[in-house]
Amino acid sequence: MARIFITGSTRGIGAETARQLIDLGHDVVIHAREDSRADAARRDFPDASGVAVGELDDLESTKSLAAAANDLGPYDVVIHNAGVGGGVAGRALT
């Protein structure tokens, strides 16, 4: 089975993707934007291999997240699901 890192995997499509891949026996690492979401992800996905915590809202926090993810890697697959939007009135430059 594959080792997979999924960004934006604590809610929505990312969470469902993580759930299905874990159920299929894959080795999945979850991404959470903040510690409270990481704690919830550990409860929601007890069979996940790990949780990398970090924001993608600026370059420094993205670098920090990348380092955390690298510490939990390497990966066969990376699914970039994290995004900005969903319910916002307009486009926000990040």
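This text goes with the structure placed above it.
Residue positions are given per chain, counting from 1 as you read along its sequence in written order. pLDDT decides what is reported in this predicted model: residues at 70 or higher carry local features, side-chain atom pairs at 80 or more are listed and counted, and totals for whole chains, interfaces and linings draw on all residues regardless. Hydrogens and waters are ignored; side-chain quantities use all the structure's heavy atoms.

Q: So what about the pairing of strand E1 (residues 3–6)? Which residues, and what values?
A: Side-chain alternation along E1 places Arg-3 and Phe-5 on one buried face and Ile-4 and Ile-6 on a second face that is also buried. Two strands qualify as a pair provided that DSSP identifies no fewer than 2 bridges between them. Helical segments are the DSSP runs of H or I of at least four residues, strand segments are the runs of E of at least two, and each set is numbered from the N terminus. Relative to strand E2 (residues 27–32), E1 is paired through four bridges, and the arrangement is parallel. Paired with Ile-4 across the strands is Val-28, a residue of E2. The path from the first strand over the helix to the second decides the hand: if it runs clockwise while the strands point away from the viewer, the crossover is right-handed. Running through helix H1 (residues 12–23), the crossover from E1 to the neighbouring parallel element E2 is right-handed. Summarising the sheet, E1 and strand E4 (residues 77–79) pair through three bridges and their orientation is parallel. In the strand pairing of E4, Ile-6 is matched with Ile-79. Think of it in three bands: residues with accessible area under 20% of the maximum for their type are buried, residues over 50% are exposed, and the middle band is partly exposed, with areas taken using a 1.4 Å probe on protein chains only.

Q: Just give me the short version of the side chain of Arg-3, but keep the residues and values in it.
A: Within the fold, Arg-3 resides in strand E1. Classification of Arg-3 by relative accessible area gives buried; the value is 18%. Residues count as neighbours in contact if any of their non-hydrogen atoms are within 4.5 Å of one another. Excluding its chain neighbours within four sequence positions, the residues that come into contact with Arg-3 are Asp-27, Val-29, Ser-49, Leu-72, Gly-73, Pro-74, Tyr-75, Asp-76 and Val-77.

Q: Break down unusual backbone geometry for me, with residues and values.
A: Working note: non-glycine residues mostly have negative phi, and peptide bonds are mostly trans. Of the consecutive residues Gly-73 and Pro-74, the connecting peptide bond is found in the cis state with omega at 5°. Locating Pro-74 in the fold gives a position in the loop between helix H3 (59–72) and E4.

Q: Summarise the environment of Val-53; cite the residues concerned and give the values.
A: Along the chain, the position of Val-53 falls in strand E3 (residues 50–53). Remark: the alpha-carbon pair of Val-53 and Ser-64, spanning 11 residues in sequence, is separated by 8.7 Å. Excluding its chain neighbours within four sequence positions, the residues that come into contact with Val-53 are Ala-32, Arg-33, Glu-34, Asp-35, Ala-38, Leu-65 and Ala-68.

Q: Residues and numbers for the nonpolar core, please.
A: Judged by nonpolar contacts, the single largest core of 15 residues is most densely connected at Ile-6, Ala-18, Val-28, Ile-30, Phe-45 and Val-51. Judged by nonpolar contacts, the second largest core, of six residues, contains Val-29, Ala-52, Leu-65 and Ala-69. Residues belong to a common nonpolar core when they are buried Ala, Val, Leu, Ile, Met, Phe, Trp, Tyr or Cys residues joined through side-chain atoms within 4.5 Å.

Q: Account for the pattern of salt bridges, with residues named and values stated.
A: Think of a salt bridge as a Lys or Arg side-chain nitrogen and an Asp or Glu carboxyl oxygen that are within 4 Å of each other. Applying the stated rule across the entire model yields five salt bridges. Note that Asp-27 and Arg-3 form a salt bridge whose closest N and O atoms lie 2.4 Å from each other. Note that Asp-27 is positioned in strand E2 and Arg-3 in strand E1, a separation of 24 residues in sequence. In this structure Asp-27 comes out as partly exposed when scored by relative accessible area, which is 28%. In this structure, Arg-19 engages Glu-16 in a salt bridge whose closest nitrogen and oxygen atoms are separated by 3.5 Å. Of the two residues, Arg-19 and Glu-16 both sit in helix H1, three residues apart, roughly one turn of that helix.

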